Amino acid sequence: MTADTLFAWTPTAIVFDCDGTLMDSERHWEKAREVVLSRHGSAPDRKFAQATKGLHYTECGRMLAEYAGSPALAGQMTEQLLASFRQLVADDPVTMPGATELVRKAAAFAPLAVASNCPRDVVETGLSRAGLLRYFGHVLVPEGEVRPKPYPDVYLEAARLCGAAPGDALAVEDSHCGFLSASRAGLRVLAVGPRKPPHDAGDADETPPVDLWVASLADPDLVKWADSRRP
């Protein structure tokens, strides 16, 4: 899909990822991983940092333990990871460039939801402190029978709750894990951030379809499109 095609379309619903898309918290996950690994005498390299981006925190904790050579400590390291991340977010909740404006504009023409791999309290507290939570009718996180990204569950459930068929909804994502989740669910995918080469994508066996890349949510064409969709 070209930019012209996507920007001529009005989605029935828009589902946003949170970390790294709406909230500038991916750096907090990176720091939290560094903190946990340092406690166990290790440090992440660039490949590990990219491979863990966007994963559910329990999977990330397991990978941290394996990376540190202590797989039996996966539960302990997961708890340490989440505690460190929560503290970092509480100390510095910041939105990504353009997030507040785009969410406000998008809410005028489509129901909005959030689909995240983070715990519900982290997502809702961060969005609330940023003044964004009120724009979202639904917040979907892995709980109960809803599996984490890269499974499609959070996006399928978000589209359903918004009353939209998956193919009529737009996902806004920044990670390979999220791209996989949204594309597997059948949503169109707007990727936010620098375009990664295939060998850095994290899953060499499956490169997800991304309909359009923008450098940030403040992209002028994206803002213009949101303005043009409003009634």
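Above: the structure in question.
Residues numbered from 1 in each chain as written. Predicted model: local features only at pLDDT ≥ 70, side-chain atom pairs only at ≥ 80, totals over all residues. Heavy atoms only, no water.

Undergrad: Explain the pairing of strand β5 (residues 188–192) to me, and be specific about the residues and the numbers.
TA: Of all five residues that make up β5, four are buried, and the element is covered over most of its length. Relative to β5, strand β4 (residues 169–173) is paired through four bridges, and the arrangement is parallel. Paired with Leu170 across the bridge in β5 is Arg188. Assessed by its sense of winding, the connection that carries the chain from β4 through helix α9 (residues 176–185) to β5 is right-handed. Alignment of β5 against strand β6 (residues 212–214), held across three bridges, turns out to be parallel. Paired with Ala191 across the two strands is Trp213, which belongs to β6. (Buried < 20%, exposed > 50% of the residue type's maximum accessible area, 1.4 Å probe, protein only. Helix = DSSP H or I, 4+ residues; strand = E, 2+ residues; numbered from the N terminus. Pairing = 2+ DSSP bridges. Right-handed = clockwise from strand over helix to strand, strands pointing away.)

Undergrad: Kindly report on the state of the cysteines, identifying the contributing residues and their values.
TA: Applying the stated criterion across every chain yields a total of zero disulfides. With no disulfide of its own, Cys60 lies 10 Å from the sulfur of Cys118, the closest cysteine sulfur. A relative accessible area of 2% places Cys60 in the buried class. Sulfur of Cys162: no disulfide; nearest cysteine sulfur belongs to Cys18 and is 15 Å away. Taking relative accessible area as the criterion, Cys162 reaches 13% and is therefore assigned buried. (Disulfide = S-S within 2.5 Å.)

Undergrad: Let's hear about the pairing of strand β1 (residues 13–16): which residues, and what values?
TA: Covered by surrounding structure in β1 are Ala13 and Val15 together with Ile14 and Phe16, the residues of both alternating faces. With four bridges connecting them, β1 and β4 associate as parallel partners. Pairing of Ala13 across the sheet is with Ala169, part of β4.

Undergrad: Please provide a residue-by-residue account of the pattern of salt bridges, values included.
TA: Under the counting rule described, the total for this entry stands at 15 salt bridges. Of the charged contacts, one joins Glu59 and Arg62 as a salt bridge, the two residues approaching to 2.4 Å between their closest N and O atoms. Of this pair, Glu59 and Arg62 both sit in helix α4 (residues 57–67), three residues apart, roughly one helical turn. The residue Asp153 makes a salt bridge to Arg147 at a minimum N-O spacing of 3.0 Å. Judged by relative accessible area, Asp153 falls into the buried class, the value being 13%. Members of the salt-bridge network, linked through shared partners, are Asp17, Lys149 and Glu173. (Salt bridge = Lys/Arg side-chain N within 4 Å of Asp/Glu carboxyl O.)

Undergrad: Please provide a residue-by-residue account of the environment of Thr58, values included.
TA: Locating Thr58 in the fold gives a position in helix α4. Between the C-alpha atom of Thr58 and that of Asn117, which follows or precedes it by 59 residues, the distance is 9.7 Å.

Undergrad: Describe the environment of Ala182, naming the residues involved and giving the relevant values.
TA: Of note, Ala182 is situated in helix α9. Overall, the relative accessible area of 0% leaves Ala182 in the buried class. Between the C-alpha atoms of Ala182 and Val172, which are 10 residues apart in sequence, the distance is 8.7 Å.

Undergrad: Pulling in residues and values, what's your account of helix α5 (residues 74–91)?
TA: For α5, spanning 18 residues, the distance from its first C-alpha to its last is 26 Å, which sits close to the expected 26 Å at 1.5 Å a residue. Of the positions making up α5, those classed as buried are Ala74, Met77, Thr78, Gln80, Leu81, Leu82, Ser84, Phe85 and Val89. (Expected span 1.5 Å × (residues − 1).)

Undergrad: Just give me the short version of the side chain of Ser84, but keep the residues and values in it.
TA: Looking at the secondary structure, you find Ser84 in helix α5. Setting aside chain neighbours within four positions, we find Ser84 in contact with Ala32 and Val35. (Contact = heavy atoms within 4.5 Å.)

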